[in-house]
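If you want the building blocks of each chain, they are given just below.
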Amino acid sequence: MTASADLYSRQKAAVAAGVGTRAIFAKNAQNAELWDVDGKRFIDFAAGIAVNNTGHRHPAVMRAVADQAQQFTHTCFHVAPYEGYVRLAERLNRIAPTGHDNRTMLVTTGAEAVENAVKIARAYTKRPGVIAFSGAFHGRTMLGMALTGKVMPYKRNFGPFPAEIYHAPFPTPFLGVSTEEAIASLERLFAADIDPERIAAFIVEPVQGEGGFNISPNEFLVRLREIADRHGIVLIADEVQAGMARTGKMFGFEHSGVKPDLVTMAKGLAGGFPLSAVTGKSEIMNAAHAGGLGGTYAGNPLSVAAANAVLDVIGDEQLCERATEIGRRITDRLTSLASRQGMERIGDVRGLGAMVAFELVEDRQTKTAAPAITNRIVAEAEARGLILLSCGTRLNVIRLLPPLTIEWDILSEGLDILEASVEAAFSASLSPVAA
Ligand code: PMP
C-alpha cells in the first residue's frame, strides 16, 4: 500500500466526511511544485486556492515569519498591540482602491472579513439588508453561506440562514444574462422585495471565484456604483480570491475604475498564513463602536509579518505584470487548444490576468454543462502530476491559479500536462481513469 493510500484510509476513519479532500497528501512544496508522501511530484495550478500567489515558501516570507517567531507569536492585538499590524494597515490603506482616506481591520479568514464588512456597513447605514449575486461565494459561516449564491456543496442542509439577505442575477454573457438584464432584475427586487432604502450593502466579487470565474463586466460595476450612490448603499468589493495581484492589478476592481467603499482581502494577502483584512473609507470603517470589531487571533503576528513580506515581494518581483503575462500565456494555450478539431466541448475560455478558466459543455450550441468530463480532466491531470481545481455553479469549469512566481518552464510544462489531460479525458470519456 502506498503512503498516500494508507493516509487516505486513516483520514476516512478519523476526519469528518463533510471535509471533502483529494488524495494528494503533501510532504513538501517549493514555489509552484509540491511533492506527496510517496515522492510523487505535482505542478501546482491551485496554489492552495489562490493563496500562494507568492509561491510555496517564498524565502522572503519564510524569513519574515522566522524573525517574528523569535520575538513573539501571539499577544492578542486588543491586549498588547504591535507595529507590524499598524504598518500593514498603513500599507493596505494606501493601496485599497476606494479613492479615499482609509482604515483597516484584520481578522483571520475570508469569511470573517466578509462578516466584518457587513457588520461595518450595517453600523454605518443603520440598515439591515444586504444584496449579493447568484453564483457568488462569500464563505462558509452562517452569514457567508447566506450571501453565497451556490447551493451545492455550500448551502444544502445547513440553513436556516440569517435574514435580510437577497440575491440578484449576476451577468453571465456566456449563458445569455446581460448586464442590462441583471440590473433590471435588481430594480425588480427593489420594487417587489426590499426597499433600497433598507439596504446596507451590495457585495460583489470583481471575478466570481467559486462561481466559475465569471468576470464582472465594467458596465455592471459602474451601474452598481450609481445605484449605491443614489440610495446610500455601501459597495463592498470581495477581493478575497481576485485580490493581491492575481488579476494583473493589485485589486480586481481596479480594471473597472469603479471605486468600492469597502474591500475584503484574504488568501494571497499572507502567502500561506491565515490572515484577512477589511479596508475601506475611514468614515464607514470608523462607524462601529470601540470593542465591536476584532477577535482573539485577529491579525496574528506571524501572519502579519508574512503579509508585510508578501507586499514587498509583489512590488519587488513585479507580480502584477507577471500575472498579466501568465494569464496571456495560459489564455493563448487554451484558445488554440479550443480551436482544434475534437475540442468542441471546451465551450468558453475566459479570465482576467492570472485568473483563467475554461468551461466544459456537451456542445457549443446548447451549452449544456459537462460536469463529468470536468471531473475527468481534473483526475487525468492529477494522475499526470498536475493539480487542478474545478468550480462553477454548474460544476463544469476548470480554473487555473498558478503561483504568480511560477518559473516559465514549469508553467509551460504544466500547460503541456493540461493539454494531454484534456485530450485523454475527451478521447476516453467512457473508460476508467488511470490510477
Ligand atoms: N470570498 C471569496 C470571494 C472567496 O473566494 C472565498 C474563499 N474561496 C471566501 C470569501 C471565503 O474565504 P475563507 O475560505 O478564507 O473563509
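Here the structure is a predicted model, which means the values were calculated and not measured. (Residues numbered from 1 in each chain as written. Predicted model: local features only at pLDDT ≥ 70, side-chain atom pairs only at ≥ 80, totals over all residues. Heavy atoms only, no water.)

Quick notes on the overall build of the chain
And then number 1: A tally of helices and strands in the chain yields 13 helices and 17 strands.
And then number 2: For a compact globule of 435 residues, the expected C-alpha radius of gyration is about 22 Å, and the chain comes in at 21 Å, within 12% of that figure.
And then number 3: Out of the 435 residues belonging to the chain, those deemed buried represent 54%.
And then number 4: On the chain, roughly 17900 Å² of surface is accessible, and the fraction owed to carbon and sulfur atoms is 54%.
And then number 5: Here the chain holds 43 positive side-chain charges and 47 negative ones, and the gap between their average locations is 3 Å. (Helix = DSSP H or I, 4+ residues; strand = E, 2+ residues; numbered from the N terminus. Rg over C-alpha atoms; globule rule 2.2 N^0.38 Å. Buried < 20%, exposed > 50% of the residue type's maximum accessible area, 1.4 Å probe, protein only. Areas by Shrake-Rupley, 256 points an atom, 1.4 Å probe, with all protein chains shown as cover. Lys, Arg positive; Asp, Glu negative; His and termini not counted. Charge placed at Lys NZ, Arg CZ, Asp CG, Glu CD.)

Quick word on the pattern of salt bridges
And then number 1: Using the criterion set out here, one finds 25 salt bridges in the structure.
And then number 2: With a closest N to O distance of 2.6 Å, Asp 312 and Arg 91 form a salt bridge. Residue Asp 312 is found in helix H10 (residues 301-316), and its partner Arg 91 is found in helix H4 (residues 83-95); the two are separated by 221 residues along the sequence.
And then number 3: Assessed through its relative accessible area of 37%, Asp 312 is described here as partly exposed. (Salt bridge = Lys/Arg side-chain N within 4 Å of Asp/Glu carboxyl O.)

Comments concerning the pairing of strand S5 (residues 129-133)
And then number 1: Summarising burial for S5: 5 of the 5 residues are buried, a large majority.
And then number 2: The sheet contact formed by S5 and strand S7 (residues 199-204) spans 3 bridges and is parallel. Bridge assignment links Val 130 to a residue of S7, and that residue is Ala 201.
And then number 3: Where S5 lies against strand S6 (residues 165-168), 4 bridges are found, and the strand directions are parallel. (Pairing = 2+ DSSP bridges.)

Here we look at the domain arrangement of the chain
Buried accessible area, meaning the area lost when the parts come together, often serves as the stated size of an interface.
And then number 1: Domain boundaries assigned for the chain yield domain 1 (3-57 + 318-430) and domain 2 (61-316).
And then number 2: Once you take the C-alpha centre of each, domain 1 and domain 2 turn out to be 26 Å apart.
And then number 3: Here domain 1 meets domain 2 over a buried area of about 2900 Å², counting both sides, of which 64% is carbon and sulfur.
And then number 4: Taken together, domain 1 and domain 2 are joined by 1 salt bridge.
And then number 5: Residue Arg 399 is joined to Glu 210 by a salt bridge in which the shortest nitrogen-to-oxygen separation is 2.8 Å.
And then number 6: Among the residues making up the side of domain 1 that touches domain 2, the classes are represented as 20 nonpolar, 10 polar and 7 charged. (Domains from an automatic or database assignment. Buried area = accessible area lost by both parts, 1.4 Å probe. Nonpolar A, V, L, I, M, F, W, Y, C, P; charged D, E, K, R; others polar.)

Observations regarding the sheet that holds S5
By definition, the strands of a sheet pair up through backbone hydrogen bonds, in either a parallel or an antiparallel sense.
And then number 1: Strand order in the open sheet formed by 7 strands is S4-S12-S11-S10-S7-S5-S6, and the pairing between neighbours is mixed. The open sheet has two edge strands, strand S4 (102-107) and S6, and neither has a second partner. Going from strand to strand, the sheet's axes swing by 20° on average, the running direction of each strand aside. (Axes fitted to C-alpha atoms, helices over the stretch in contact; angles between N-to-C directions.)

Some words on the nonpolar core
And then number 1: Membership of the largest hydrophobic core comes to 89 residues, with the highest contact counts inside it found for Ile 346, Phe 358 and Leu 388.
And then number 2: Counting residues per element, this core draws most heavily on H10, which supplies 9 residues.
And then number 3: Phe 358 has contacts with Leu 334, Ile 346, Asp 348, Val 349, Ile 377, Asn 396, Val 397, Ile 398, Leu 418 and Val 422, leaving out every residue within four places of it along the chain.
And then number 4: Grouped together as the second largest cluster of nonpolar side chains are 24 residues, Tyr 166, Phe 170, Ile 199 and Val 204 included. (Core = buried A, V, L, I, M, F, W, Y, C linked by side-chain atoms within 4.5 Å. Contact = heavy atoms within 4.5 Å.)

Side note on the pairing of strand S3 (residues 41-44)
And then number 1: Where strand S2 (residues 33-36) meets S3, 3 bridges bridge the pair, whose relative direction is antiparallel. Each residue of the ladder has a partner; that of Trp 35, found in S3, is Arg 41.
And then number 2: Between S2 and S3, which pair antiparallel one after the other, the connecting turn spans 4 residues, and Gly 39 there sits at a positive phi close to 85°.
And then number 3: Examined bridge by bridge, S3 and strand S15 (residues 386-387) share 2 bridges and lie parallel to one another. Note that in S15 the partner of Asp 44 across the bridge is Ile 387.

A few points about H10
And then number 1: Given a rise of 1.5 Å per residue, 16 residues ought to cover 22 Å, and the 23 Å separating the end C-alpha atoms of H10 matches this to within 8%.
And then number 2: Across the 16 residues that make up H10, a large majority, 13, are buried.
And then number 3: A side-chain oxygen of the first residue of H10 lies 3.0 Å from the backbone nitrogen of Leu 302; this N-cap is Asn 300.
And then number 4: Positioned one or two residues after H10, Gln 318 has a phi angle of 50°, which is positive. (Expected span 1.5 Å × (residues − 1). Polar contact = N/O pair within 3.5 Å; in protein donor to acceptor, adjacent residues only side chain to side chain.)

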